[in-house]
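A look at the structure
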Amino acid sequence: MNFYLAGRLSFAAAMTFVLASCTTTQADFRKNPEGVSKSALCRTFITNTDLAFTQELTAELARRRIDPIECVNMVQRENQAAAAIVAVALVGTAVAVCANNNCGGGSYYPSYPSYKPYQGNCQYDWQRDAAGNRCGRRSAYSRPGGY
C-alpha cells in the first residue's frame, strides 16, 4: 500500500517538475534558438522578466510566426492538463487509501420515527413475538404514537 501511495505522489511531483523545467535558459537559447521547442519557448516568454531576453524571445516567436497570444493559450492548456493529471492521481490515491483502510461512510437514519429501525419484538399487530404468539394490540404500531 505504501509503495502504491508513494508511486502516485512521485508521479504528481514529477509532473510538477516537468512543467517547471519546460523553460529554457538564456545561454541555451543563445546557443541554439531553433533547437528550443515551441512549448519551452512560449513558457520562457511568459515567465521571463528580463527585458533584453524578452526581445530575443519575441524575435524568435516572430521568426517562427507564433503569436504571443497563442503562447499564452498553449501554456494555459498545458497547465490545465497537468493539473487534471495530478488531480486524477490524487483522487486515485485517496480512493486506494480509503479502500485499504475501510473509511467508507456509515448508515444514516433520518430523525423522524418511521425510518428508525425497530428494536423490540413486535412492530406490527400481525407479527408474532419470540414465543410464537401473535402480537396484536401489544405491537408498537397499535400503541399511541404508532411507533
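Residues numbered from 1 in each chain as written. Predicted model: local features only at pLDDT ≥ 70, side-chain atom pairs only at ≥ 80, totals over all residues. Heavy atoms only, no water.

1. Brief notes about the state of the cysteines
Quick note on the threshold: Only a pair of cysteine sulfur atoms within 2.5 Å qualifies as a disulfide here. Here a strand is any run of E in DSSP of at least two residues, a helix any run of H or I of at least four, and the numbering for each starts at the N terminus. Here's how the labels work: a residue is buried when its accessible area is under 20% of the maximum for its type, exposed when over 50%, partly exposed in between, all with a 1.4 Å probe on protein chains only.
Scanning all chains against the criterion turns up one disulfide. Note that Cys42 is cross-linked by a disulfide to Cys71, the S-S spacing being 2.1 Å. Between Cys42 and Cys71, the S-S torsion sits near -55°, and that sign places the bridge as left-handed. Within this pair, whereas Cys42 is found in helix α3 (residues 38-47), its partner Cys71 is found in helix α5 (residues 68-101), the two being separated by 29 residues in sequence. Residue Cys71 is classed as buried on the basis of its relative accessible area of 0%.

2. A word on unusual backbone geometry
For residues other than glycine, phi is negative in most cases, and the peptide bonds are mostly trans. Positive phi, normally seen in glycine, also occurs at Arg65, with a value near 60°. The residue Arg65 is located in the loop between α4 (51-63) and α5 in this model. When its relative accessible area of 77% is taken as the criterion, Arg65 is described as exposed.

3. Some points on the confidence of the model for the protein chain
Just so we agree on the cut-off: What pLDDT conveys is the predictor's confidence in a given residue, as a value from 0 to 100.
In the predicted model, the protein chain carries a mean pLDDT of 77, and the fraction of residues at 70 or more is 71%. Mean pLDDT values for the elements of the protein chain range from 58 in helix α1 (residues 2-20) up to 93 in α4.

4. Focus on the nonpolar core
Filter applied, for reference: We call a set of buried residues a nonpolar core when its members are Ala, Val, Leu, Ile, Met, Phe, Trp, Tyr or Cys and they connect through side-chain atoms within 4.5 Å of each other. Contact between two residues is taken to exist if any of their heavy atoms lie within 4.5 Å; hydrogens are not considered.
Residues Phe29, Leu41, Cys42, Leu57 and Leu61 are the most contacted members of the largest nonpolar core, which totals 13 residues. It is α3 that provides the largest number of residues to this core, a total of four residues. For Leu41, the residues in contact, after removing those within four places along its chain, are Phe29, Val36, Leu57, Glu60, Leu61 and Arg64.

5. Section: α3
Residue pairs three or four apart in sequence face the same way in an α-helix, which turns once every 3.6 residues. Counting buried positions along α3 gives seven out of 10 residues, so the element sits mostly inside the fold. Regarding α3, the residues found buried are Ser39, Ala40, Leu41, Cys42, Arg43, Thr44 and Phe45.

6. Here we look at the packing of α3 against α5
Which entries qualify depends on this criterion: Here an axis means a line fitted to C-alpha atoms, over the contact stretch when the element is a helix, while the angle between two N-to-C directions is reported on a 0 to 180 degree scale. Each angle is binned into one of four classes, with values under 35 degrees roughly parallel, values over 145 roughly antiparallel, values of 65 to 115 roughly perpendicular, and all other values oblique. As a working rule, the residues Ala, Val, Leu, Ile, Met, Phe, Trp, Tyr, Cys and Pro are called nonpolar, Asp, Glu, Lys and Arg charged, and the rest polar, with Gly in that last group.
Relative orientation of the contacting elements α3 and α5 amounts to 105°, with a least axis distance of 9 Å. By the angle between their directions, the pair α3 and α5 is classed as roughly perpendicular. Of the residues in α5, those in contact with Lys38, Ser39, Cys42, Arg43, Phe45 and Ile46 of α3 are Pro68, Glu70, Cys71, Val72, Met74, Val75, Glu78 and Asn79. Its residues assigned to classes, the contact of α3 with α5 shows eight nonpolar, two polar and four charged.

7. Structural notes on the pattern of salt bridges
Applicable threshold: The rule for a salt bridge is simple: a side-chain nitrogen of Lys or Arg has to be within 4 Å of a carboxyl oxygen of Asp or Glu.
Summed over all chains, the structure comprises five salt bridges. With its nearest N and O atoms 2.6 Å apart, the salt bridge here joins Lys38 to Glu70. One end of the pair, Lys38, is in helix α3; the other, Glu70, is in helix α5, with 32 residues separating them in the sequence. Across the salt bridge formed by Glu60 and Arg63, the nearest N and O atoms sit 2.7 Å from each other. Placement of the pair is Glu60 and Arg63 together in helix α4, with a separation of three residues, close to one helical turn. Judged by its relative accessible area of 6%, Glu60 is buried. Shared partners join several salt bridges into a network, and the residues in it are Glu60, Arg63 and Arg64.

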